[in-house]
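# Close look at the chain arrangement
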Amino acid sequence: MRVQVVDHPLVAHKLTQLRRVETPSNRFRELTKELVMLLSYEASETMATEPVEIQTPVTATTGTQLAGPKPLVVPILRAGLGMLDGMTAMIPTAEVGFLGMARDEETLNIITYAERLPDDLTGRHVFVLDPMLATGGTLAEAVRFLKRAGAAKVTCICLLAAPEGIERLRSEVSDLEIELFLGSIDEKLNEKAYIVPGLGDAGDRLYGLAD
Ligand code: URA
């Protein structure tokens with residue numbers, strides 16, 4: 001499993017603004033979009049391309065275009081939705097599917113409560129969006145789900161990750177071809193499974209419930 005922290009001054013600066021407790025939700029959404037654009041630039045480096053013959057105003061030449069099949073972007077509801085605009089701004093030809101996942105508080109199992117994906121993902125490069133890689137349970141389940149549906153490669157983009165979540169992915173799904181692109185690996189999870197220092201509840205902060 002490839003794990004890459006995008007080490008860039010703009011990412012570090014914007015993440016710091018995002019973490020601040022006083023950052024209001026409208027700014028939080030803007031920063032999330034900007035961060036996803038920066039992270040997706042790195043995360044898309046292995047996308048397949050093909051040559052294409054084009055005509056410029058001056059001459060004919062061989063250019064490059066993204067090769068098919070179209071990439072699929074899958075935000076994990078709810079907080080992953082806040083990352084969608086940045087991703088589709090960078091890859092406008094991508095298709096978008098949705099996965100809604102939550103933890104059953106009794107069994108602690110991850111349940112998939114919503115799923116809107118193309119039937120067959122064979123050969124597709126899938127980008128999963130989830131801002132917080134905390135325990136890793138949701139992302140591990142999402143990766144398994146997408147691989148079962150035939151995805152050729154799964155690239156996960158997260159703003160923050162806890163070491164515990166990365167280790168869980170390593171132990172549970174490292175046999176599958178997956179990549180992780182992260183804004184930062186934070187210190188740890190606290191007893192409520194929040195990332196420390198983190199930024200709080202990403203969904204609440206995106207959608208105004210923390211303001
Ligand atoms: N989900 C969040 O929104 N925040 C955390 O810190 C962990 C999981």
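Every chain is numbered on its own, with residues counted from 1 as its sequence reads. Note on the predicted model: pLDDT of at least 70 is required for a residue's local features to be given, and 80 or more for side-chain atom pairs to be given and counted; whole-chain, interface and lining totals, by contrast, use all residues. Excluded from the side-chain calculations are hydrogens and water; all other atoms, namely the structure's heavy atoms, are used.

### Some remarks on the overall build of the protein
Strands here are runs of E lasting at least two residues and helices are runs of H or I lasting at least four, both read from the DSSP assignment and numbered beginning at the N terminus. Within the protein, the regular secondary structure consists of 6 helices and 13 strands. Only heavy atoms enter the contact rule, under which two residues are in contact if any of them lie within 4.5 Å. In the protein, 69% of the contacts between residues at least 6 apart in sequence involve partners at least 24 apart. The Shrake-Rupley method, run with a 1.4 Å probe, gives the accessible areas here. Residue values count only the displayed protein chains as cover. Carbon and sulfur atoms make up 51% of the accessible area of the protein, which amounts to about 10500 Å² in all. Only four residue types enter the tally: Lys and Arg on the positive side, Asp and Glu on the negative side; His and the chain ends are excluded. In this description, the location of a charge corresponds to atom NZ of lysine, CZ of arginine, CG of aspartate or CD of glutamate. Placing the 21 positive and 30 negative side-chain charges of the protein at their respective mean positions leaves the two points 3 Å apart.

### With respect to the environment of Met-37
Turning to its location among the elements, Met-37 is positioned in helix α2 (residues 25-43). Sequence separation of Met-37 and Glu-53 is 16 residues, and the distance between their C-alpha atoms is 28 Å. Not counting chain neighbours up to four residues away, the residues in contact with Met-37 comprise Gly-86, Ala-89 and Met-90.

### Here we look at the site of the ligand
Taken together, Met-132, Ala-134, Ala-193, Tyr-194, Ile-195, Gly-200, Asp-201 and Ala-202 make up the full set of residues adjacent to the ligand. Under the rule applied, a polar contact is a pair of N or O atoms within 3.5 Å (in protein, one hydrogen donor and one hydrogen acceptor; residues adjacent in sequence only if both atoms are side-chain atoms). One of the backbone N or O atoms of Ile-195 is found 2.8 Å from an oxygen atom in the ligand. One nitrogen or oxygen atom from the main chain of Ala-202 is found 2.7 Å from an oxygen atom belonging to the ligand. Look at the ligand: alone it shows 240 Å² of surface, and the protein chains cover 81% of it. The near set for a molecule or strand comprises every residue that places at least one heavy atom within 4 Å of it.

### Concerning the UniProt feature "domain: Phosphoribosyltransferase" (unreviewed entry) in the protein
UniProt positions are given in the numbering used here, feature names are shortened, and annotations may be inferred rather than shown by experiment. Feature annotation in UniProt assigns "domain: Phosphoribosyltransferase" (unreviewed entry) to the following positions: residues 5-208. Span residues 5-208 is 32% helix and 31% strand, its end C-alpha atoms 28 Å apart.

### Considering the nonpolar core
Among the buried residues, those of types Ala, Val, Leu, Ile, Met, Phe, Trp, Tyr and Cys that are joined through side-chain atoms within 4.5 Å form a nonpolar core. When accessible area is computed with a 1.4 Å probe and restricted to protein chains, residues below 20% of their type maximum are described as buried, those above 50% as exposed, and intermediate ones as partly exposed. If you look at the biggest cluster of nonpolar residues, it comprises 32 residues, and the most contacted ones within it are Leu-18, Met-87, Phe-127, Ile-157 and Leu-159. Those elements giving two or more residues to this core turn out to be α1 (9-19), α2, α3 (84-90), β8 (125-129), β10 (153-161) and α6 (202-206). The biggest single contributor to this core is α2, with 6 residues. Aside from chain neighbours lying at most four places away, what touches Leu-18 is Phe-28, Leu-31, Thr-32, Leu-35, Leu-159, Leu-199 and Arg-205.

### A look at the packing of α1 against α2
In the contact formed by α1 and α2, the axes pass within 10 Å of each other and the chain directions differ by 155°. The angle between α1 and α2 places the two elements in the roughly antiparallel class. In terms of crossing hand, the pair formed by α1 and α2 is left-handed. Contact residues: α1 offers Leu-10, Val-11, Lys-14, Leu-15, Gln-17 and Leu-18, while α2 offers Phe-28, Leu-31, Thr-32, Glu-34, Leu-35, Leu-38 and Leu-39. Each residue is assigned to one of three groups, with Ala, Val, Leu, Ile, Met, Phe, Trp, Tyr, Cys and Pro labelled nonpolar, Asp, Glu, Lys and Arg labelled charged, and all others, Gly among them, labelled polar. Grouping the constituent residues of the contact of α1 with α2 by class yields 9 nonpolar, 2 polar and 2 charged. Axis definition: a line fitted to C-alpha atoms, limited for helices to the stretch in contact. Angles are taken between N-to-C directions and run from 0 to 180 degrees. An angle below 35 degrees is read as roughly parallel, one above 145 as roughly antiparallel, one from 65 to 115 as roughly perpendicular, and any other as oblique. Left-handed is the label given to a crossing in which the near helix is rotated counterclockwise from the far helix by less than a right angle, and right-handed is the label when the rotation is clockwise.

### Looking at the environment of Leu-117
Summarising the element assignment, Leu-117 is placed in the loop between β7 (110-116) and β8. Placed 70 residues apart in sequence, Leu-117 and Met-47 show a C-alpha to C-alpha distance of 20 Å. Setting aside residues up to four positions removed in sequence, Leu-117 forms contacts with Leu-72, Val-74, Gly-97, Phe-98, Leu-99, Phe-145 and Leu-146.

### Overview of unusual backbone geometry
The peptide bond linking Gly-68 to Pro-69 adopts the cis configuration, its omega dihedral lying at -10°. Structurally, Pro-69 can be placed in the loop between β3 (60-66) and β4 (72-77). The phi torsion at Ala-193 lies on the positive side, around 65°, for a residue other than glycine. Along the chain, Ala-193 turns up in the loop between β12 (188-189) and β13 (195-196). Looking at Ala-193, the relative accessible area reads 27%, which means it is partly exposed.

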